[in-house]
Every structure is written in C-alpha cells, then in structure tokens.
Amino acid sequence: TVQHPWWKESTVYQIWPASYKDSKGDGVGDIPGIISTLDHIKSLGVDVIWLSPMYDSPQDDMGYDISDYENVYPKYGTVDDMQKLIDETHARGMKLILDLVINHTSTEHKWFKESKSSKTNPKRDWYIWKPARYDADGNRQPPTNWGSYFSGSTWTYDETTDEYYLHLFAESQPDLNWENEETRNAIYKSALTFWYEKGVDGFRIDTAGMYSKVQSYPDAPIEFPDSPYQPCKMFHQSGPRIHEFHKEMFEKVTSKYDAMTVGEVGHSTREDALKYVSAKEKEMNMMFLFDVVEVGSNPSDRFRYEGFTLSDFKKAFESQGSFIEGTDAWSTVFTENHDQPRSITRFGNDSSEFRVISGKALALLQSTLTGTGFIYQGQEIGMVNLPREWSIDEYQDINTVNYVREFKQKYGNDADYNKKFEKLMDSINLVARDHARSPVQWDDSANGGFTSGTPWTRVHDNYKEINVKSQTNDPNSLLSFWKKALKFRKEYKDLFIHGLFRILDVGNKETFSFLKVNGDQSAFITINFSDKPQKFVNHTEKKLEYIYGNVDNYNEDELAPYEARAYLTK
Ligand code: TEU
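Thresholds applied
- Residues numbered from 1 in each chain as written.
- Predicted model: local features only at pLDDT ≥ 70, side-chain atom pairs only at ≥ 80, totals over all residues.
- Helix = DSSP H or I, 4+ residues; strand = E, 2+ residues; numbered from the N terminus.
- Rg over C-alpha atoms; globule rule 2.2 N^0.38 Å.
- Buried ≥ 20, exposed ≤ 12 C-beta atoms within 10 Å, placed from the backbone.
- Contact = placed C-beta atoms within 7 Å.
- UniProt positions renumbered as here; feature names shortened; annotations may be inferred.
- Pairing = 2+ DSSP bridges.
- Axes fitted to C-alpha atoms, helices over the stretch in contact; angles between N-to-C directions.
- Near = placed C-beta within 6 Å.
- Nonpolar A, V, L, I, M, F, W, Y, C, P; charged D, E, K, R; others polar.
- Parallel < 35°, antiparallel > 145°, perpendicular 65-115°, else oblique.
- Left-handed = near helix turned anticlockwise from the far one by under 90°.
- Domains from an automatic or database assignment.

**Q** So what's going on with the overall build of the protein? Residues and values would help.
**A** Within the protein one finds 15 helices and 24 strands. For a compact globule of 570 residues, the expected C-alpha radius of gyration is about 25 Å, and the protein comes in at 24 Å, within 12% of that figure. Overall size of the protein, expressed as C-alpha extent along the three principal axes, is 75 × 60 × 50 Å. Of all 570 residues assigned to the protein, the portion counted as buried reaches 47%. When contacts within the protein are restricted to residue pairs at least 6 apart in sequence, long-range pairs at least 24 apart make up 66% of them.

**Q** Which residues make up the UniProt feature "domain: Glycosyl hydrolase family 13 catalytic" (unreviewed entry) in the protein, and what values go with them?
**A** Here the UniProt-annotated "domain: Glycosyl hydrolase family 13 catalytic" (unreviewed entry) positions come out as residues 14–437. Between the C-alpha atoms that bound residues 14–437 the distance is 12 Å, and the span itself is 30% helix and 15% strand.

**Q** Can you tell me about the sheet that holds strand β20 (residues 521–528), naming the residues and giving the values?
**A** An order of β18-β19-β20-β24-β22 is seen for the five strands of this open sheet, with the pairing classed as antiparallel. Pairing within the sheet leaves two strands with one partner each, and these edge strands are β18 (500–503) and β22 (544–549). Along the sheet, successive strands turn relative to each other by an average axial angle of 25°, direction set aside. Sheet strands in contact with helix α8 (residues 310–321) are β18 and β19 (511–518), and its direction is about 160° off that of β18.

**Q** Which residues make up the site of the ligand, and what are the values?
**A** The environment of the ligand is made up of 13 residues, and the closest members are D61, Y64, Y149, F169 and D339. Along the lines of polarity and charge, the residues of the shell around the ligand split into four nonpolar, four polar and five charged.

**Q** Please give an account of the packing of helix α10 (residues 355–367) against helix α14 (residues 478–491) that cites residues and values.
**A** Relative to each other, α10 and α14 sit at 15°, their axes nearing to 9 Å. Our classification of the angle between α10 and α14 gives roughly parallel. The hand of the α10/α14 crossing is right-handed. Where α10 approaches α14, its residues V356, G359, K360, A363, L364 and S367 are matched on the opposing element by L478, F481, W482, A485, L486, F488 and R489. Here the residues of the contact of α10 with α14 sort into nine nonpolar, two polar and two charged.

**Q** I'd like to hear about unusual backbone geometry, residue by residue, with values.
**A** With a phi close to 50°, M62 is a non-glycine residue in the positive phi region. In this fold, M62 is placed in the loop between β3 (55–56) and β4 (68–72). One non-glycine residue, T207, adopts positive backbone phi at about 40°. As for its placement among the helices and strands, T207 is situated in the loop between β11 (202–205) and α6 (242–252). Take T207: there are 22 C-beta atoms within 10 Å of it, and that puts it in the buried class.

**Q** Tell me about the pairing of strand β15 (residues 301–305), and name the residues and values.
**A** Two faces make up the sheet, and in a regular strand the side chains alternate between them. Examined bridge by bridge, strand β14 (residues 297–298) and β15 share two bridges and lie antiparallel to one another. Each residue of the ladder has a partner; that of N298, found in β15, is D301. Linking β14 back to β15 in an antiparallel pair, the connection comprises two residues.

**Q** Pulling in residues and values, what's your account of the domain arrangement of the protein?
**A** As assigned here, the protein comprises domain 1 (11–106 + 181–481), domain 2 (110–166) and domain 3 (500–569). Just the C-alpha atoms count here: the centres of domain 1 and domain 2 sit 29 Å apart. Tallying the contact residues gives 17 residues for domain 1 and 14 residues for domain 2. With five residues, helix α11 (residues 398–411) is the single largest residue contributor to the side of domain 1 that touches domain 2. Of the residues that constitute the side of domain 1 that touches domain 2, the class distribution is nine nonpolar, six polar and two charged.

**Q** Could you give an account of the pairing of strand β24 (residues 564–569), naming the residues involved and the relevant values?
**A** Relative to β24, β20 runs antiparallel, the two sharing five bridges. By the bridge assignment, T526 is partnered in β24 with R565. As paired elements, β22 and β24 share five bridges and run antiparallel to each other. Its bridge partner being in β24, E545 is matched across the sheet by L568.

This is the structure in structure tokens:
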C-alpha cells in the first residue's frame, strides 16, 4: 500500500478560542479551557487541532487583527499556556496547527505605528500608502473605488502624513506590503518561525491568495451600482507575485519542518488552484475553496443570498474537490468554519423533527468525500444557527455590524425600510458569521457549561437539548454518529479519503448519490436530502454490501427523510 503523508489522512478539528471553553469565569474561552477538553477531541477520532487566532489583539475582528505575533491575547492565556497546549496535544498523539494571519496586522501593531508616524520612517513601506485623489469639485477621494470585505472603502485617510493606507478588511486591519522583502522576512520570523520553534505542526494560512496586489491600483468595474465602492478581487486575489511569495515562504521556513499547511484561498481558477497545492510546486499542502460554503450566495456579498438547488450543492463539491484528480495535488472537505453558518441550518434541516437525522446525513457525506476533513467546534453535536427571533443586537461580528450600519445609511429613510430590513434579517439569520461564534454547549447547566460568568456573547437557547454531555453517552446521538463516521473514514480510507468522486444523479433534486472509486474497488453512497421518503435506487450495476448509515432498521426499497447509506460494491 501507498504511504501517504500524515496530513492527508488526518481529521482536523477547528477551535475558535473565544467561544470554546472558559476556565476562569470571565465569560471568554481560554487556553486552559481547551486543554481541559483534549480528551473529548481525541475521543472523536481527531488527529489535528486547528486553533483560530489566539495572538495579542484588540479583537476588532476576533483576533484576525494581530498586534503582536509573539504574544497571546491575555484573556486567552500566556505563551506558557500555549506551550502547555502544544505539549498536551502531542502527548495525546495529536498535532496542533495555528492560524497564520499575515496579509494584514492590527493598526495597534508596532510595525504599523512606526509606518504611519512619518513618510520617512524606515517602516513606511511595510504597509501600502497612497496619496488622495481629488474629484472635479476638489473633494478628497480615496486612491481607488475598491470596497472592503467589511463594507466601505478599502482606504482610510491618515492625517499624520496626509495619505491613505490600504485595508482589504477593517479599517483597523492595514494590509502589509509584501512587495518589500524586509517586511516578508520580518513576517516569516515573527509569525512563523517563532511558533514552529515552539513545536506547532503547521498553519492554516489566512487569506492566502491576497498578498500580491496589482501594482497599478486601478479602479474596479462597477458591479453594485447602488454602492460607491466595488468588489476588487481581481486586483488582489492570486495577484502577479502570489506564487513567488508562497514558494519563498515554503523554501525559507515551512520546508524546514514536518508541517501541514492549508491556505484559505476561497476563490480561484482551477489552474491557479493547482499552482497553490500541487506537491511539485512547493507552496502549500492543500487549500480551502468556497464553492460549497458559498453555494447560493453572491461571492462578493454573502448577504445577497439567492438560494440553491441540490444540483448546485452536488456540483459545488465536484468543482471544489475533483480538480486534483490525476495530479499530485490535495484537497479539503468542510461544510463549516468560523466564517460560516451552521451546516444543519444551511444544508440540512434544523427543525426538531429532522435536525439529528439531517446532521447525521451531512456527517456521512463529509466523511466519505476526498481530501483532508475538517470539523468545526460544535458541528459534532449539531449546533444550529441563532434563532430568527433574536434581535440584531445579539449579532456582534464586524462583518454583520458594518453591513447593517451601511444598510441603515442607505435605506433608513425609505418608506418600506422595515420590510427591507426584515428581508436582510432573513439572510443574516441564514448566513452571518455570528452563527459559528456562539458558545459551545457542553452540558445543560447555566450557559451550557461554557462559562460560570457572563458569556461575552449570548448562548443559544437550545443548550439543554443540544450539548456534549448528553450526547456522549447516547449511542444514537449525532456525536456518537460522528465518531462512527470518522472510524469508517479511516477503515475505508482508500475509497473515502483517496477515491475518485463520481456523482450519479446530478439533476435529481431530492437525492445525492455518488461513487467513490479506487482502482477496481468502489463505494456507493446515497443520501435523501428531502423531508419525504424517496425511492431507493441502486445506480451501480453491482451488488451492494452495506457499510453503515443513519437509519438502523432501514427499508431496502425506500430512503426515509434525510436517510444516508454507504455501501461497498461487489
Ligand atoms: O477570511 C477571509 C475571507 O475571504 C472571507 O471568508 C471573509 O471572512 C468573508 O468574505 C467576509 O464576508 C479570513 C478569516 O477567515 C476571517 O475570519 C477574517 O475576518 C478575515 O480573513 C480577515 O482576516
């Protein structure tokens, strides 16, 4: 049998520190809290933990705004706590990867403070500064019409030197200037080497496609006529020098360690995708693409949600994963992360009748697909989106908050504002990032056992019904099903982790059936994605041998609502 690198056959569990487990009662999750749950994570069948940013930060974007790469946010703990987490994770035979946020820093980082202090400061060129433009009436305007991912312009004016700095995300997240070699070396040393030397096993690379900007900084074409600022991905996504930068980072740092790297690229042509993740290119091991998580959403504005069909969903898995076939590249499988809503609400059915069974169907689906698998905290117990009745004030994510502020400015005086706002609330309730950030529900005690204090963000009302403790000892729980699914994933890894993916019923709007093929072996998977029974169809010409499914006493000829089965073909 072929010997594969460890990161290909690993299941990764993502932790969002603020909302995971609070050990001290200040209402915010922390590193000792994580350490106290390592056995839970291990018992799931997880091999690698990915910890979202725990670095020192003013927390404008929950730690994706870093003020010091070499320190830990005090509410989460200390560098010593991190060392303990690394060691305790290793002691259980698991690995730990961190988030690598190096497209931008916080405005509170010392590098930026120096850079903004004067035009002649040695770090001036470490960020991206441009002079103003002036319109016909002599009014000062930003250098381009680019729109930020978090609403408004990508440029903020700074009086000290009468120039604008670039920030693709929040005003407090200035983009680093990757054109400057000294800057790149400082990033490698502070953000990568510092943590590799402490024993971390790799990184999830944030916004990995955005470092190289088109240097002429042109205006973007008008895509949203109702906005002064326009999507500008074409000028910073997979830009002219991006592959050169990744090759350099790999050569100078990553290649020195037995590391796993997964780049958050999101949107990419498949030609570029292969450049990022082909083994021979020596850039990174694998990447996150957003075909699945963004299905039905406008890729430039998630809240312009349009809906999707089951066929779109199937094709999204294919375009996201199958581009590696016949190459030396590798892919990822995920349906949740900290930027996405809960998968049961988004792709399954979160009604009390179908929540658990559709969660199991999604678990079976994810566990039979090719690539390295990722699970997000709370997904293993089937946490669902925040209730629709909750007010907008419960939403704290900068993405949501800024969007709503801009929406009010735009439409606040319209006669039908309330109607417009309720429509926006529908899509916020479906796709906002806040849904992933509500505290993990550990048991049925106050605050779901997340904290003994006042949680920084509201705990979901359903924690008595959905929590880790009650599911741990229940063999029929979603948690127990995930454990089973991850076990079968390893047992049949040639098919599930490495096999080719062949959709069999692409146009069918109720069922999702596919083959996983490896040489002359194959598995047949069929899932009912509707709330009605569907006829069972064996799309293969072969005999089937049942592996597992989410209905115990199943009917040979019929799939129950959200029933999922995996078979070997004979
Ligand atoms: O996200 C970058 C990204 O491209 C998106 O998923 C982004 O969150 C979305 O378009 C906003 O609507 C990464 C992190 O995952 C995210 O949490 C950070 O906010 C962002 O980078 C900035 O560091």
